[in-house]
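# Per-entry structural report
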Amino acid sequence: MKEIITLLKPRLWSFRSNASTKNKRDRSFKLLLFGTLALLFWGGLFAASLRVLFYFKSIAELGDILAYKLLSMVMITFFSLLIFSSILTSLSKLYLSRDLPLVHSMPVSSYKIFVARWIESTLDSSWMLVVYTLPVFIAYGIVFQAGPLFYVNIVLILLALAIIASGISAVLVMVAVIIVPASRIKNIFIFLSLALFLILFFAVRLLRPERLVDPEIFETTLVYLKALRAPAPPYLPSTWAYDSITAALSGPMTGVFFHTALTWSFALVLAFVIIIIADAIYFRGVSRTQTAPRRLFKARRFNTRFLGIFQGPVRALAVKEVRIFFRDQTQWSQLFLIGALVVIYVYNFKVLPLEKAPIKTIYLQNLLSFLNMGLATFVLTAITARFAYPAISIEREAFWLVKSGPVPLRNFLWIKFFVYFCPLLILSEILIIATNILLSVTTFMMILSTITIFFIVPGIVSMGIGLGAAYPNFKSENPAQSVTSFGGVVFMMLCAGYIGAVIVLEAGPVYNFFMADLQDRALTTYEWIWTVGSFSLAFIISVCAFLLPMRFGEKRLSNLLL
């Protein structure tokens, strides 16, 4: 046990070192910013959960059934996300960390190294999910007027599920490393994770869970109640957790103790089993992962003729950027995930029951189309954060080559911008046009949304590249890590503010145009002034969002490299 604690100490020392070496004022500002955002999100989730549960509770006899059904879905989703997160974290912590050769050269048994790494992996993969799931369960306790035992039991249950998910993931990773060639294990798990996520996503969406709040689609009330009361599979740990929580809400205390004890006994047994397995095969798997990595699929020479419009060093950098993207399977393999999300996004609009809405269909269609501009741009922001924002950080230690090259830093940043701008613009326009066609919107809304997206996309991509250059992280092992940094949070906040500003500025003029068309009248002078002023201000904001972040990123990156 002493050796395990010693192996965990560097992780604690790293936090203390960061606190003592960084500028205290800068650190306090970042803590205040992150803390405020976290509290706002936590509070919003709590308020939404409370409102939904109070609404369910107001429904006579059926309300409790709906609340328990929602709780069952929350538990299954929570456990699935824990498994998904733990697989990727376990693979990174146990086999792909850069300090593993140093750690395994120490006079410590391999299974003790495994235990220390497994504890880190469990904490890293589950703490955020646990923290941001707590408001949902606290809302259940308030609505159902549960006692103190309920809240203690929630903490115990979530910790047990985190240990179980991390243990299952660790076993899967260790066995896979022995079976699959070590040089391909990372790529294999990326594809398996993506495939599993897509299967679950399609399965949940095609089951159309919104039908559970629409009894009219069922033949009889008994069929509806039977669908709501359908039990979860009894062999899943999430079912044991669900039974424990429901017993704490309304059932006997014996049920609480039994199901909590069942969950924790499985977690502890699983911990002992994975330690035995790790003692037998963990070090052999680590040895296999030290071989040179190979690509899962060998791609042919990439055709770069379309980049012929550029010349000299600029064309060389553009070709490099495109080739690196397709050579890194952790990057281009996520295109399958994006494609699936696009299909689901469009499918959601196809199944909207607009004819059942109490609002006039033509009004509702155009309202949804207008709101869809904001939703589509938020999807664009998430994709930009994953691909465009880390574009500077993925250069890593090789950035000195770019710095010493004959291309100015400004040109380098603009090359990055155009490499990501073109595909993201095409993707955004496809989302808007496809959903507008399914909604059967007016010609005015089709033109407005298409033009608005055309002006918003450059601003979002520019903020991604510019802020990624202003706050680079050349030491990150995974490009996704840079998105969770201070610069990544600033990027997401600025994008949210930018999108919100444009939507708010356009809302008034769009409403005036739509009402004038319905009433078959012309716009008044005041409405024309309002329209011209709002669209002009939105255009100015878009130009600023396009130019200023790139200049800011260039200046910060130049000063950083001095």
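All values reported here derive from a predicted model rather than from experimental measurement.

## Some words on the overall build of the protein
The number of helices and strands found in the protein is 21 helices and zero strands. Expressed as a percentage of the 562 residues in the protein, the buried residues total 45%. For the protein, restricting intrachain contacts to residue pairs at least 6 apart in sequence, the fraction spanning at least 24 positions comes to 82%.

## A look at unusual backbone geometry
Most peptide bonds are trans, and most residues other than glycine sit at a negative phi. Even without being a glycine, Gln145 presents a positive backbone phi close to 55°. Note on placement: Gln145 falls in the loop between helix H6 (134–143) and helix H7 (148–179).

## Quick look at the pattern of salt bridges
Inspection of the entire model under this criterion finds four salt bridges. Put simply, Lys93 and Glu120 hold a salt bridge, and the shortest N to O gap is 3.4 Å. Taken together, the residues Lys93 in helix H3 (residues 62–96) and Glu120 in helix H5 (residues 110–131) connect sequence positions 27 residues apart. Look at the salt bridges and you will find they share partners, linking Lys93, Glu120 and Asp124 into a network.

## Here's the deal with the packing of helix H18 (residues 443–470) against helix H21 (residues 525–560)
Each pair of packed helices gets described by two things: the angle between the helix axes and the distance between those axes. Here H18 crosses H21 at 20°, and the two axes come no closer than 7 Å. The angle between H18 and H21 places the two elements in the roughly parallel class. Considering the relative orientation of H18 and H21, their crossing is left-handed. For the pair formed by H18 and H21, the contact residues are Leu448, Phe455, Pro458, Gly459, Ser462, Met463, Ile465, Gly466, Leu467, Ala469 and Ala470 on the first element and Phe535, Phe539, Ser542, Ala545, Phe546, Leu547, Pro549, Met550, Phe552, Gly553, Arg556 and Leu557 on the second. Considering only residue class, the contact of H18 with H21 consists of 17 nonpolar, five polar and one charged.

## Topic: a nonpolar patch on the surface
There is a patch of nonpolar side chains on the surface, built from Ile447, Ile451, Phe454, Phe455, Leu537, Phe539, Ile540, Val543 and Leu547 and spanning about 760 Å² of accessible area. Of all the secondary-structure elements, those providing two or more residues to the nonpolar patch are H18 and H21. Of the residues forming the nonpolar patch, the biggest block, five residues, is contributed by H21. Within the secondary structure, Phe454 sits in helix H18. Relative accessible area serves as the criterion here: at 42%, Phe454 is assigned to the partly exposed category.

## Here we look at the packing of H7 against helix H11 (residues 253–288)
It is at 8 Å that the axes of H7 and H11 come closest, and there the two elements cross at 25°. One finds that H7 runs roughly parallel with respect to H11. For the crossing formed where H7 meets H11, the hand is left-handed. Counted by class, the contact of H7 with H11 contains 24 nonpolar, five polar and two charged residues.

## Things to note about the confidence of the model for the protein
Summary statistics for the protein give a mean pLDDT of 77 and a share of 74% for residues scoring 70 or more. A low-confidence stretch, residues 217–225 (pLDDT under 50), is modelled with 14 contacts involving residues beyond four sequence positions or located in other chains.

## Digging into the packing of aromatic side chains
All chains considered together, the criterion is met by 22 aromatic pairs. Between Phe41 and Tyr132, the ring centres sit 5.3 Å apart and the planes meet at 70°, which makes this aromatic pair edge-to-face. With Phe41 in helix H2 (residues 24–57) and Tyr132 in the loop between H5 and H6, this residue pair connects regions lying 91 residues apart in the sequence. Using a relative accessible area of 52% as the deciding quantity, one classes Phe41 as exposed. An angle of 55° between the planes, with centres 6.5 Å apart, marks the rings of Tyr471 and Phe552 as tilted.

## A short note on the side chain of Lys93
A relative accessible area of 18% means that Lys93 is categorised as buried. Of the polar contacts made by the side chain of Lys93, one reaches the side chain of Asp124; its length is 3.2 Å. For Lys93, the residues in contact, after removing those within four places along its chain, are Arg11, Leu100, Arg117, Glu120, Ser121 and Asp124.

## Some remarks on the nonpolar core
In this structure, Phe114, Tyr140, Ile245, Leu249 and Tyr282 are the most contacted members of the largest nonpolar core, which totals 65 residues. The element best represented in this core is H3, accounting for 16 residues. Apart from residues no more than four positions distant in its own chain, Tyr140 is found in contact with Leu53, Ala67, Leu70, Leu71, Phe150 and Leu249. One finds Leu317, Val407, Leu424 and Leu557 within the second-largest nonpolar core, a separate group that totals 54 residues.

## With respect to the environment of Val457
Here Val457 lies in helix H18. Given the relative accessible area of 0%, Val457 is considered buried. A C-alpha to C-alpha distance of 9.8 Å links Val457 and Ile426, two positions 31 residues apart in sequence. If near-sequence neighbours (up to four positions away) are discounted, Val457 is found in contact with Leu380, Phe421, Leu424, Leu425 and Ser428.

## Remarks on the side chain of Glu527
Among the structural elements, Glu527 can be located in helix H21. Engagement of the side chain of Glu527 in a polar contact is seen with the backbone nitrogen of Thr524, the distance being 3.1 Å. Not counting residues up to four positions away in its chain, the partners in contact with Glu527 are Asn512 and Arg521.

## What to know about the environment of Gly508
Locating Gly508 in the fold gives a position in helix H20 (residues 486–518). A residue is classified by how much of its surface remains accessible, and Gly508, at 14% relative accessible area, is buried.

## Notes on the environment of Ser542
Here Ser542 is to be found in helix H21. Along the sequence, Ser542 and Thr452 sit 90 residues apart, while their C-alpha atoms lie 9.7 Å from each other. Setting aside its immediate chain neighbours within four residues, Ser542 contacts Phe455, Tyr498 and Val502.

Thresholds, definitions, all that
Residues numbered from 1 in each chain as written. Predicted model: local features only at pLDDT ≥ 70, side-chain atom pairs only at ≥ 80, totals over all residues. Heavy atoms only, no water. Helix = DSSP H or I, 4+ residues; strand = E, 2+ residues; numbered from the N terminus. Buried < 20%, exposed > 50% of the residue type's maximum accessible area, 1.4 Å probe, protein only. Contact = heavy atoms within 4.5 Å. Salt bridge = Lys/Arg side-chain N within 4 Å of Asp/Glu carboxyl O. Axes fitted to C-alpha atoms, helices over the stretch in contact; angles between N-to-C directions. Parallel < 35°, antiparallel > 145°, perpendicular 65-115°, else oblique. Left-handed = near helix turned anticlockwise from the far one by under 90°. Nonpolar A, V, L, I, M, F, W, Y, C, P; charged D, E, K, R; others polar. Patch = residues over 30% accessible without salt bridge, like charges linked within 9 Å, V, L, I, M, F, W, Y side chains within 5 Å. Areas by Shrake-Rupley, 256 points an atom, 1.4 Å probe, with all protein chains shown as cover. pLDDT = per-residue confidence, 0-100. Phe/Tyr/Trp six-rings, centres within 6.5 Å; stacked < 30°, edge-to-face > 60°. Polar contact = N/O pair within 3.5 Å; in protein donor to acceptor, adjacent residues only side chain to side chain. Core = buried A, V, L, I, M, F, W, Y, C linked by side-chain atoms within 4.5 Å.

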